[in-house]
Amino acid sequence: INHVVHNGGLYKRPFNEAFEETPMLVAVLTYVGYGVLTLFGYLRDFMRQWKIEKCQNATEREEQKDFVPLYQDFENFYNRNLYMRIRDSWNRPICSVPGAKVDMMERVSHDYNWTFTYTGRVLKGIINMGSYNYLGFAQKEGTCQEAAAKVLSQYGAGVCSTRQEIGNLDKHEELEKLVARFLGVESAMAYGMGFATNSMNIPALVGKGCLILSDELNHASLVLGARLSGATIRIFKHNNMQSLEKLLKDAIVHGQPRTRRPWKKILILVEGIYSMEGSIVRLPEVIALKKKYKSYLYLDEAHSIGALGPSGRGVVEYFGLNPEDVDVMMGTFTKSFGAAGGYIGGKKELIDYLRTYSHSAVYATSMSPPVVEQIITSMKCIMGEDGTTVGKARVQQLAENTRYFRRRLKEMGFIIYGNEDSPVVPLMLYMPAKIGAFGREMLKRNIGVVVVGFPATPIIESRARFCLSAAHTKEMLDTALKEINEVGDLLQLKYSRHRLVPLLDRPFDETTYEETED
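Residues numbered from 1 in each chain as written. Predicted model: local features only at pLDDT ≥ 70, side-chain atom pairs only at ≥ 80, totals over all residues. Heavy atoms only, no water.

Draft legend 1. Highlighting the sheet that holds strand β5 (residues 187-191). Read from one edge of the open sheet, 7 strands run β5-β11-β10-β9-β8-β6-β7, paired in mixed fashion. The open sheet has two free edges, formed respectively by β5 and β7 (232-236), since each of these has just one partner strand. With direction set aside, neighbouring strand axes in the sheet form an average angle of 20 degrees. One ladder, built from 4 bridges, connects strand β6 (residues 211-215) with strand β8 (residues 266-271); its direction is parallel. The residue of β8 that forms the bridge with S214 is L269. Packing against the sheet, helix α7 (residues 241-254) makes contact with β6, β7 and β8, and its axis sits at approximately 150 degrees to β7. (Pairing = 2+ DSSP bridges. Helix = DSSP H or I, 4+ residues; strand = E, 2+ residues; numbered from the N terminus. Axes fitted to C-alpha atoms, helices over the stretch in contact; angles between N-to-C directions. Contact = heavy atoms within 4.5 Å.)

Take a look at the structure:
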C-alpha cells in the first residue's frame, strides 16, 4: 500500500510511505516454515525429557518439581527451539567505535549456539549498517571527543548522587537550557537513560481514571510506562487516523467504564519514527485530532530528533509545525548525538512538576559529565553554534544517503517498508530460515547488519533493518548495496511486485513503477 498524502493543507510537503502487501505464497511458506520448526521443537523437547538428547536450557530443580513452573510459556519454547538455531546473528561483540565501520571479535560455537568461544581473531573494517549513528557523532576523534575528554579530566566519570541531592552540576543546567532552545520549548529536563525517560515519566503524568491511546507499534518503553501508570490503555491501528478518531469519540461519548464519568485526562502516545517499520508519524493529523477532542499528546522522538527536518530538529520541524502543539516532547541522546540518556521538553509547569514527581528524576543517579559534554558539543554542532556548517552538512548528508539507499533497494526488487525520508530501512525477509542466513551471508561479505524476528516483529514479518548514517560514504553504500543484491539473489529475497524503473532522467523525488509478472 502506498500512501501519498496532501490532505487539504494539513501537510506542507508530500508524505510518501510504502507497505507492500506480503505475497500470498511467501506468507503461506513462512507459516509452513514456523510449523515445521515448531513440530521439531516439540520432538526435541520430548527427546530432552527422556534424556535422548542433552538438555542445555534452564530447567526446574528436582526439589521444585511440584511448584508452578517459572519457564513454561511459548516464548521460552521459541527461544529454546527456534531462536537458539540462529542466535549467532545477535549479540555480536564489537571492539571499536560504532562508526561507519567497526571491528568485530570472531566467535564460534561447537554446540549449535548454546555457547560461544572466541577465536582471538578480530574482523576489521566491517561496514556498520546497524548502529543508530544517524549523524556520525559516534567517533573517537574530533571536537566532541576532545571536549568530553577535557570534562572527564575536570569532573570525573560519575556523579555518585541524584540531581535533588548533591548531583546537580552546572553542565546539567547548561544541557537542559540548550535542549530547550534546540526544541523551541520553554523548558527541558535530561535523564540518564532513554528507556526510563518513557517508562518512569508516563506514570507521573497519568494514573487511574485516565485514558491512554497508544499506537499498536509503539516501543516497549512506552508500553511499559503505560502499563505502570495504572491508566486504561486502548490501542489504535498503526498511523491510522480513522482508528484514533473513533477511539477519541468513544472515549468522550461513553466516558469511563461502569461509572460513565468523563476521563480525567486522555493522552495520545506516538513516536516520531517507528524503529521497526521505518514509518513517520502523521503528526499534522494527530495534532488536529488532539485539538479537536481536547486531549494531550506525548511524542517520542528517539529516532527522529537529529535525523529529520532541515536543521535536524525532528519530526515537528519536518512537517513545519509549532512545538507548542505537542504537550510532551520526549527524545533520546543515544542515536543522533552519539551519547546516552533522554530528555523531556515542554512548558515550564510540566518540567517543574516532573522534577518533583518523576521517579527517574528523584531516584536516578545524575548523568555522567563526559556524556553530558558529548551531547552539548554535538547539539551545538547541529545548531551551528560551533561556528561551522558541519552539523547542517551532516543532516543533509543523512537525507541524501537515505533517499539514495531506499531508491536503490526498491530498484533491485526488495520489499522495503516505511517513509522515503526515514533513515530506518526495513528489508523484508519473512521466512525464519532466511533471518540467520541473511545475517551470516552479509557478515561473510564484511557488512554488519541487524536482523529482526519475533517477538520484536509479528511472527511472519521478519526483516533486516538498516540504519543509515551521515558517516556512510557513497562508496560504502554502493559496496553494501552490491553485496545485498548478491545475497538477495542467493536467498531469493526479491519479493516485490512493484519494481522501480531506474530512469536516469527521472526527477529526484518522483517514483515510477513497473508491474512485474508473477
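Draft legend 2. A look at the pattern of salt bridges. With the rule as written, the count across this model stands at 33 salt bridges. For the salt bridge of K124 with D103, the shortest nitrogen-to-oxygen distance reads 3.6 Å. Taken together, the positions of K124 in strand β4 (residues 117-128) and D103 in strand β3 (residues 101-108) put the pair 21 residues apart, joining distant regions of the chain. Accessibility expressed as a relative area gives 58% for K124, which makes it exposed. Here K291 ties to D325 by a salt bridge, and the two come within 3.3 Å at their closest N and O atoms. Pair noted here: K291 is in helix α8 (residues 283-292) and D325 is in the loop between α9 (315-318) and β10 (328-332), with a separation of 34 residues, a long-range link. (Salt bridge = Lys/Arg side-chain N within 4 Å of Asp/Glu carboxyl O. Buried < 20%, exposed > 50% of the residue type's maximum accessible area, 1.4 Å probe, protein only.)

Purely geometric numbers; function is a separate question.
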